[in-house]
Amino acid sequence: MTSPKPRTGRVIVVGTDGTPRGDAALRWALDVGAHAGDVVRAILVRPRDTLLPGTSFAIQPHGRVPEAGYSLDDHIAGMGIETEAAIEARTVHGDPATELVTASADADLLVLGTHRGGAVTDLVLGSVGRECVRFSRCPVVVITPEAARHLTPA
């Protein structure tokens, strides 16, 4: 019987969706969080093809969804970030908070981008980040828009 190879680096899971806040989380993970030997696992969660009839979420239940031809691999390559870490791009289907919390079980760090708004905005749009912070099985880094401005190339 063979034993699994020991892991030499950390696994950093990044929730990304092609938006500026998702890009900021990925940029932070690759520029600041990851080192040689680490694996950065970028995860795009697409909602299941279920509709919520009679609600404003009937078309896009989780907010912005990248177009059908969107390639996470191409998007990451287009960001032009140099890193010594290995990058894994994954696209999964389901509830974003549930999928990211599940991915945190095998991770050393979970990185999310978030937006800042008023109380009503946070109730509607901040639910994924809030659930990840509450239920993640590893430490969580949340990149706010203010922090993201420091990471945006000039």
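What you see is a predicted model, and the numbers here were worked out from it, not measured in a lab.

**Student:** Sorry, what's going on with helix α2 (residues 72-79) here?
**Tutor:** For an α-helix, the turn length of 3.6 residues means that residues three or four places apart are oriented alike. Considered for burial, the residues of α2 that qualify are Leu-72, Ile-76 and Met-79. Down the axis of α2, the buried side of the element spans an arc of 55°, and every buried residue falls inside it. Looking at α2, the residues exposed on the side facing more than 90 degrees away from the buried face are Asp-73, Asp-74, Ala-77 and Gly-78. In this fold, the buried residues of α2 make contact with α1 (20-33), β2 (39-46) and β3 (86-93). One or two steps after α2, the chain reaches Gly-80, where phi turns positive at roughly 65°.

**Student:** For this particular structure, what's the right way to read the sheet that holds strand β1 (residues 11-15)?
**Tutor:** Within a beta sheet, neighbouring strands are joined by backbone hydrogen bonds and run either parallel or antiparallel to one another. Across the sheet, 5 strands lie side by side as β3-β2-β1-β4-β5; this open sheet has parallel pairing. Because the sheet does not close on itself, it has two edges, and the strands there are β3 and β5 (140-143). Taken over all neighbouring pairs, the strand axes of this sheet differ in orientation by 20° on average, direction set aside. By the bridge criterion, 8 bridges tie β2 to β3 in an arrangement that is parallel. What sits directly across from Val-39, in β3, is Ala-86.

**Student:** Honestly, the packing of helix α3 (residues 96-104) against helix α5 (residues 127-135) in this entry has me stumped. Any pointers?
**Tutor:** Axes are the key here: two packed helices are described by the angle between their axes and the distance separating the axes. Contact geometry of α3 with α5 gives a least axis separation of 9 Å together with a crossing angle of 30°. Judged by the inter-axis angle, α3 sits roughly parallel to α5. Note that α3 runs across α5; the crossing there is right-handed. Between α3, through Pro-96, Ala-97, Leu-100 and Val-101, and α5, the contact on the second element is made entirely by Val-128, Glu-131, Cys-132 and Phe-135. Per-class residue counts for the contact of α3 with α5 are 7 nonpolar, no polar and 1 charged.

**Student:** Help me out: how do you make sense of the pattern of salt bridges in this one?
**Tutor:** This structure, assessed with the given rule, holds 5 salt bridges. Residue Asp-17 pairs with Arg-21 through a salt bridge whose shortest N-O separation is 3.9 Å. A relative accessible area of 36% means that Arg-21 is categorised as partly exposed. Salt bridges here are not isolated pairs; linked through shared partners, they connect Arg-41, Glu-88 and Arg-90.

Basis of the calculations
Residues numbered from 1 in each chain as written. Predicted model: local features only at pLDDT ≥ 70, side-chain atom pairs only at ≥ 80, totals over all residues. Heavy atoms only, no water. Buried < 20%, exposed > 50% of the residue type's maximum accessible area, 1.4 Å probe, protein only. Helix = DSSP H or I, 4+ residues; strand = E, 2+ residues; numbered from the N terminus. Arc of directions from axis to C-beta. Contact = heavy atoms within 4.5 Å. Pairing = 2+ DSSP bridges. Axes fitted to C-alpha atoms, helices over the stretch in contact; angles between N-to-C directions. Parallel < 35°, antiparallel > 145°, perpendicular 65-115°, else oblique. Left-handed = near helix turned anticlockwise from the far one by under 90°. Nonpolar A, V, L, I, M, F, W, Y, C, P; charged D, E, K, R; others polar. Salt bridge = Lys/Arg side-chain N within 4 Å of Asp/Glu carboxyl O.

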